[in-house]
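# Chains, contacts and geometry: an overview
Listed here are the chains, written in short residue letters.
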Amino acid sequence: LEVHTEGRKVLLQQDVGEQMFTSLSNFRTVVQLHPGLKFVACVLAKKAVLVLSMADGSEVLRFSDTNGSTMGLFWSPDGSLLAVPCGGVRVFSVDAGFAQVQHVEAGALVFGIAFDNTSTRMAVGTMGSNRLTVWDVATWKPTREFQTKQMVFSICFSHKADRLAYWDFGDH
């Protein structure tokens, strides 16, 4: 299964053929597949997010980021949550029909988000405040916070979720 951008369309290519999804105006190259391959999420150039069903190409979620700061899309490993960094972090529940279940205030521009492999913790890295915060997904309360030298660009949990690695633009 492959996802390609072709002009203003998202093309989903499978071994058995091709299925063309909805035409996307001003498409930007941020595309993330759902871990269970049920959905494809895209960021549009005007800082809007669009989520399409892989079954039939129907639109299941569309919203605009009024701050114009959407930097990516992050699925939880179990596919139950979609986190979108925009004016903090908006978290949508797949099981609740993509209803927004949380808006985590980050206090700065968010570049990096990671879920642990159990989807019970979410790490958020920022630019401006230069910090990395780990949130408990059940309560949406911060459990740990780390100051970094500069903007946190990328984050990942170890397989056992007992360690957190990040990349910032500081001197190492």
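What counts, and at which threshold
- Numbering of residues starts from 1 in every chain and runs along the sequence as written.
- Note on the predicted model: pLDDT of at least 70 is required for a residue's local features to be given, and 80 or more for side-chain atom pairs to be given and counted; whole-chain, interface and lining totals, by contrast, use all residues.
- Excluding hydrogens and water, the side-chain figures rest on all heavy atoms present in the structure.
- Only rings of Phe, Tyr and Trp enter the pairing, Trp through its six-membered ring, and a pair is recorded when the two centres are within 6.5 Å. The plane angle decides the type: under 30 degrees is stacked, over 60 is edge-to-face, the rest tilted.
- Put simply, DSSP marks the helices as runs of H or I at least four residues long and the strands as runs of E at least two long, and each gets a number from the N terminus on.
- Exposed residues in this analysis have more than 50% of their type's maximum accessible area, buried residues have under 20%, and partly exposed residues fall in between, with area computed by a 1.4 Å probe over protein chains only.
- DSSP-based pairing: two strands are paired if at least 2 bridges between them are found.
- Structural elements are reduced to axes, namely lines fitted to C-alpha atoms, with helices fitted over the stretch in contact, and the angle between N-to-C directions of any two is expressed from 0 to 180 degrees.
- What is meant by a nonpolar core is a set of buried Ala, Val, Leu, Ile, Met, Phe, Trp, Tyr and Cys residues, joined one to another through side-chain atoms within 4.5 Å.
- Here, residues are in contact when the closest pair of their heavy atoms is within 4.5 Å.
- The salt bridge definition used is simple: a Lys or Arg side-chain nitrogen within 4 Å of an Asp or Glu carboxyl oxygen.

## Some points on the packing of aromatic side chains
- Taken as a whole and judged by the stated rule, the model has four aromatic pairs.
- Judged by centre distance (6.4 Å) and plane angle (20 degrees), the ring pair of Phe-39 and Trp-75 falls under stacked. One end of the pair, Phe-39, is in strand E5 (residues 39-44); the other, Trp-75, is in strand E8 (residues 74-75), and 36 residues separate them in sequence.
- Judged by relative accessible area, Phe-39 falls into the buried class, the value being 13%.
- Given a relative accessible area of 11%, Trp-75 falls into the buried group.
- Summarising the aromatic geometry, the rings of Trp-75 and Phe-98 are spaced 6.3 Å apart at their centres and angled 75 degrees between planes, so their arrangement reads as edge-to-face. Here Trp-75, found in strand E8, pairs with Phe-98, found in the loop between strand E10 (89-93) and strand E11 (99-104); they are 23 residues apart in sequence, far enough to count as distant. Here Trp-75 matches Phe-98 in class, with each residue buried.

## Describing the sheet that holds strand E12 (residues 109-115)
- The strand order E12-E13-E14-E15 describes an open sheet built from four strands, whose pairing is antiparallel. At either margin of the open sheet sits one strand with a lone partner, and together these are E12 and strand E15 (141-147). The average undirected angle you get between the axes of adjacent strands in this sheet is 20 degrees.
- For strand E14 (residues 131-136) and E15, the ladder comprises six bridges, and the chain directions are antiparallel. Paired with Thr-133 across the two strands is Glu-145, which belongs to E15.

## Focus: the nonpolar core
- The biggest cluster of nonpolar side chains holds 16 residues, and the ones touching the most others in it are Val-51, Leu-73, Trp-75, Leu-82, Val-84 and Phe-98.
- Mapped by element, the contributors of at least two residues to this core are E5, strand E6 (48-53), strand E7 (59-64) and strand E9 (81-85).
- Here this core gets three residues from one element, more than from any other, and that element is E5.
- Dropping the residues within four chain positions of it, Phe-98 is found in contact with Phe-39, Val-51, Val-60, Leu-61, Trp-75, Leu-82, Phe-92 and Ser-93.
- Leu-81, Val-110, Val-124 and Trp-140 belong to the second largest nonpolar core, which has 14 residues in total.

## Observations concerning the pattern of salt bridges
- Taken as a whole and judged by the stated rule, the model has three salt bridges.
- Where Arg-62 meets Glu-59, a salt bridge forms, and the shortest distance between an N and an O atom there is 3.2 Å.
- For Arg-62, a relative accessible area of 44% puts it in the partly exposed group.
- Its salt-bridge partner being Arg-131, residue Glu-145 comes within 3.5 Å of it at the nearest N-O pair. Taken as a pair, Glu-145 in strand E15 and Arg-131 in strand E14 lie far apart in primary sequence, 14 residues in all.

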